[in-house]
Amino acid sequence: LLAPSPILYLSVTAIGYGNAIFGGATVSQVVTLRNTGGVALNVQNLFTVGDFVVTSACPGSLASGASCVINVLFGPLGIGRRTGELVLVTDAQGSPHRIVLSGTGCRWFSQAQSRFFLNMCGG
């Protein structure tokens, strides 16, 4: 007989943020983390790679059947396509768990003596 174990479920596998202005930030996107296993899930580490920031995260231990929300926002540090990931290190099978993140960094510009601003997002 197998002992119960934590089972990690994530609501998404990838998040696309679209265009965002260089130096600014987008609206945060929500990832739901659920423990569908028979014992508590321990979250040892949770971090982002690239131009993305975790603004709220889950507790260190998530009871069986419980869920929590992780908010991640995109703040481009350059122009053009930007990629990264949200990484969760847990005691569930398959750890570390990764969510692919992407967005495009843009900048505002205006022609001389124009009152109109355009944005350029690079390629």
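Here the structure is a predicted model, which is why all the values come from computation and not from measurement. (Residues numbered from 1 in each chain as written. Predicted model: local features only at pLDDT ≥ 70, side-chain atom pairs only at ≥ 80, totals over all residues. Heavy atoms only, no water.)

Draft legend 1. Broad picture of the side chain of Asn 71. Residue placement: Asn 71 occurs in strand S7 (residues 67-74). According to the relative accessible area criterion, Asn 71 is buried, its value standing at 19%. Looking at Asn 71, its side chain comes within polar contact range of the side chain of Ser 56, at 2.6 Å. Beyond its immediate stretch of four places on either side in the chain, Asn 71 contacts Ser 28, Gln 29, Val 30, Val 53, Val 54, Thr 55 and Ser 56. (Helix = DSSP H or I, 4+ residues; strand = E, 2+ residues; numbered from the N terminus. Buried < 20%, exposed > 50% of the residue type's maximum accessible area, 1.4 Å probe, protein only. Polar contact = N/O pair within 3.5 Å; in protein donor to acceptor, adjacent residues only side chain to side chain. Contact = heavy atoms within 4.5 Å.)

Draft legend 2. How the structure looks around the pattern of salt bridges. Per the stated rule, a full pass over the model turns up two salt bridges. The partner of Asp 51 in a salt bridge is Arg 82, and the shortest N-O contact between them spans 2.6 Å. With Asp 51 in the loop between strand S4 (41-49) and strand S5 (52-56) and Arg 82 in strand S8 (residues 80-90), this residue pair connects regions lying 31 residues apart in the sequence. Where Arg 98 meets Glu 85, a salt bridge forms, and the shortest distance between an N and an O atom there is 2.7 Å. (Salt bridge = Lys/Arg side-chain N within 4 Å of Asp/Glu carboxyl O.)

Draft legend 3. Region of interest: the side chain of His 97. Looking at where His 97 falls in the secondary structure, it is placed in strand S9 (residues 97-109). By relative accessible area, which is 13% here, His 97 ends up buried. There is a polar contact of 3.4 Å between the side chain of His 97 and the side chain of Thr 90. Residue contacts for His 97: discarding those within four places in its chain leaves Leu 8, Leu 10, Leu 86, Val 87, Leu 88, Thr 90 and Ala 92.

Draft legend 4. Molecular detail of the state of the cysteines. According to the stated counting rule, one finds one disulfide in the structure shown. Residue pairing for Cys 58: its cysteine sulfur links by disulfide to Cys 68, the two sulfurs lying 1.8 Å apart. Judged by the sign of its S-S torsion, about 95°, the bond between Cys 58 and Cys 68 is right-handed. Placement of the pair is Cys 58 in the loop between S5 and strand S6 (61-62) and Cys 68 in strand S7, with a sequence separation of 10 residues. (Disulfide = S-S within 2.5 Å.)

Draft legend 5. Fine view of the environment of Met 120. With respect to the helices, strands and loops of the structure, Met 120 is situated in strand S10 (residues 118-120). By relative accessible area, which is 35% here, Met 120 ends up partly exposed.

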